[in-house]
Amino acid sequence: MALTATSEPQSDSVAHPQPLSAAARPTLLADYATLFKLRVSTMVIITAAAGFYLGSLRSGISPFQPQLLKALAGITIVTCGASALNQALERTTDRLMRRTLNRPMAAGRISLAHGLIVGFAATFLGSLYLAYTTNPLTGILTLLTAVGYVAIYTPLKRVTVVNTFIGAFPGALPPLIGWTAVRGVIEWPAVALFAILFVWQFPHFMAIGWMYRDDYAAAGIRLTPTLTDTRYAARSTVIQSLFYAVLMIPVSLWPYALGIAGAPYAIAATLLSLGYLWCTIRFAQITRNPESTSSRKPARDLLRASVIYLPLLLAAMMLNAKGRLLF
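Residues numbered from 1 in each chain as written. Predicted model: local features only at pLDDT ≥ 70, side-chain atom pairs only at ≥ 80, totals over all residues. Heavy atoms only, no water.

Asks: Just to check I follow, could you spell out the environment of T27 for this structure?
Replies: Among the structural elements, T27 can be located in the segment before α1 (28-35). Along the chain, T27 and R109 lie 82 residues apart, while their C-alpha atoms are 9.7 Å from each other. (Helix = DSSP H or I, 4+ residues; strand = E, 2+ residues; numbered from the N terminus.)

What follows is the structure in structure tokens.
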């Protein structure tokens with residue numbers, strides 16, 4: 001559940017938090033929206049709903065049922081809790097980055113104790129709710145996803161560039177969790193959904209990492225784009241992005257091979273994945289002059305392509321589920 005927010009820094013110089021006037025101070029509701037990373041949580045909800053939808057069709061039942069709302073509610077609660085715990089751990093680091101320095105815990109508007117209580121309560125109560133309203137497997141998987149994101153991925157961000165690979169595992173689990181919420185077991189179609197999200201994340205993350213590499217480097221976050229040798233960092237970033245963008249083509253066709261979706265989906269997946277690859281090839285422009293701020297444009301273009309690609313791919317799969325053009 002670690003899909004990344006994409007807001008941009010406002011300047012190229014390192015900034016520090018400034019006191020907010022009473023008029024400019026965000027409300028507690030607005031701070032909670034930031035604490036829970038609502039935009040990221042929305043993407044988690046979408047991918048989990050896709051898994052539930054496809055799992056329902058595999059079971060021969062309608063996906064439009066109260067159980068869907070219960071499952072998504074539980075997943076959302078846990079996702080929000082994990083986001084709060086993540087910000088509790090990264091509150092010091094967040095103060096060093098322009099795009100995160102005004103987060104409520106980094107700015108001191110929400111205390112550490114407040115954030116930890118909300119985070120732990122949402123994570124564990126949400127997991128228990130899922131275990132009770134869906135099945136124990138779904139509750140356990142959701143809890144493990146949160147633990148992987150908060151307790152493993154988050155600390156590794158300051159230790160090794162491998163954190164991107166590790167973080168892709170919890171980030172890819174929501175559609176699998178949506179599937180188990182209705183099916184109660186992990187099956188190959190659920191693994192295919194997991195694989196799609198896992199592979200999709202790498203060009204997406206590399207684009208974000210390159211756009212904000214100065215911010216991340218200032219905060220001591222270890223990513224391929226923040227490696228000391230900028231030219232080597234650019235080449236490594238591009239190579240990894242291209243590898244996974246190419247891999248995205250066969251992985252996106254796996255649901256077709258498993259019979260989850262039919263030929264129309266296969267055609268759509270191929271065209272969408274080729275488009276994703278094309279945007280990643282254009283991203284390779286960063287190797288020409290990696291020191292220039294102009295290299296952020298192809299990164300921004302790839303980021304936009306990535307957040308368009310995934311919903312369209314899932315929509316095509318759902319519309320053509322089980323070989324039918326429409327459900």
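What follows picks up the thread again.
Asks: Quick question: what am I supposed to make of the pattern of salt bridges here?
Replies: Where side chains of opposite charge bring their charged atoms close, a pairing between them can arise. Considering all chains together, one arrives at 9 salt bridges under this definition. Across the pair K157 and E90 runs a salt bridge, and its minimum N-O distance is 2.9 Å. Of this pair, K157 sits in the loop between α6 (136-156) and α7 (163-172) while E90 sits in the loop between α3 (66-89) and α4 (91-94), and the two are 67 residues apart along the sequence. Between D301 and R282 there is a salt bridge, with its nearest N and O atoms 3.7 Å apart. Taken together, the residues span a long stretch of sequence, with D301 in helix α13 (residues 296-319) and R282 in helix α12 (residues 263-283) at a distance of 19 residues. (Salt bridge = Lys/Arg side-chain N within 4 Å of Asp/Glu carboxyl O.)

Asks: I tried to follow a nonpolar patch on the surface on my own but got confused; where do I start?
Replies: Together, V162, F165 and F169 line one region of the surface with nonpolar side chains, adding up to about 240 Å² of accessible area. Relative to the assigned elements, F165 resides in helix α7. Residue classification places F165 among the partly exposed positions, given a relative accessible area of 35%. (Patch = residues over 30% accessible without salt bridge, like charges linked within 9 Å, V, L, I, M, F, W, Y side chains within 5 Å. Areas by Shrake-Rupley, 256 points an atom, 1.4 Å probe, with all protein chains shown as cover. Buried < 20%, exposed > 50% of the residue type's maximum accessible area, 1.4 Å probe, protein only.)

Asks: How do you make sense of helix α11 (residues 230-257) when you look at a structure like this?
Replies: An α-helical turn contains 3.6 residues, so any two residues separated by three or four positions project in the same direction. Helix length check: α11, at 28 residues, gives a terminal C-alpha distance of 41 Å against a target of 40 Å (1.5 Å per residue), a fit within 8%. Helix geometry: α11 is bent most strongly at M248, by close to 35 degrees, with proline P250 lying one to four residues after it. With a side-chain oxygen positioned 3.2 Å from the backbone nitrogen of R231, the residue opening α11 is D229. Positive phi appears at G259, one or two residues downstream of α11, with a value of about 85 degrees. (Expected span 1.5 Å × (residues − 1). Bend = angle between axes of the 7 residues up to and from the residue. Polar contact = N/O pair within 3.5 Å; in protein donor to acceptor, adjacent residues only side chain to side chain.)

Asks: When you look at the packing of aromatic side chains in this model, what are you seeing that I'm missing?
Replies: Between two aromatic rings, the relevant description is the distance of the centres plus the angle of the planes. Scanning all chains against the criterion turns up 16 aromatic pairs. Taking the centre distance of 6.1 Å and the plane angle of 15 degrees together, the rings of F120 and F124 count as stacked. Of this pair, F120 and F124 both sit in helix α5 (residues 112-133), separated by 4 residues, roughly a single helical turn. Residue F124 is classed as partly exposed on the basis of its relative accessible area, which comes to 42%. Aromatic side chains W188 and W254 sit 6.1 Å apart centroid to centroid with 45 degrees between the ring planes, which places their arrangement in the tilted category. Within this pair, whereas W188 is found in helix α9 (residues 188-211), its partner W254 is found in helix α11, the two being separated by 66 residues in sequence. W188 sits in the exposed class, given a relative accessible area of 57%. Residue W254 is classed as partly exposed on the basis of its relative accessible area of 27%. Linked through ring pairs, F165, F169, F194, F198, F202, F243 and Y244 together constitute an aromatic cluster. Above the ring of Y212, the side-chain terminus of R99 is found at 4.4 Å from the ring centroid. (Phe/Tyr/Trp six-rings, centres within 6.5 Å; stacked < 30°, edge-to-face > 60°. Lys NZ or Arg CZ within 6 Å of the ring centre and 35° of its normal.)

Asks: Can you walk me through the confidence of the model for the protein chain in this structure?
Replies: Interpretation of the predicted coordinates at a detailed level should be avoided for regions scoring low in pLDDT. Chain-level statistics for the protein chain give a pLDDT mean of 91 and a share of 91% at 70 or above. Here residues 4-19 is a poorly scored stretch, pLDDT under 50, and it has 35 contacts once near neighbours within four places are set aside; other chains count. (pLDDT = per-residue confidence, 0-100. Contact = heavy atoms within 4.5 Å.)

Asks: What am I meant to see in the nonpolar core here?
Replies: As a rule of thumb, soluble globular proteins bury nonpolar side chains together. Counting 68 residues, the largest nonpolar core has L54, I196, M248, Y265, F283 and M317 as the members making the most contacts within it. Mapped by element, the contributors of at least two residues to this core are α2 (38-59), α3, α7, α8 (174-183), α9, α11, α12 and α13. Ranked by the residues each element gives to this core, the list is headed by α9, at 15 residues. If sequence neighbours within four positions are ignored, M317 has contacts with L54, L193, I196, P255, A261 and Y265. Counting residues in each nonpolar core, the second largest holds 8 residues, with C80, A88, M105 and I110 among its members. (Core = buried A, V, L, I, M, F, W, Y, C linked by side-chain atoms within 4.5 Å.)

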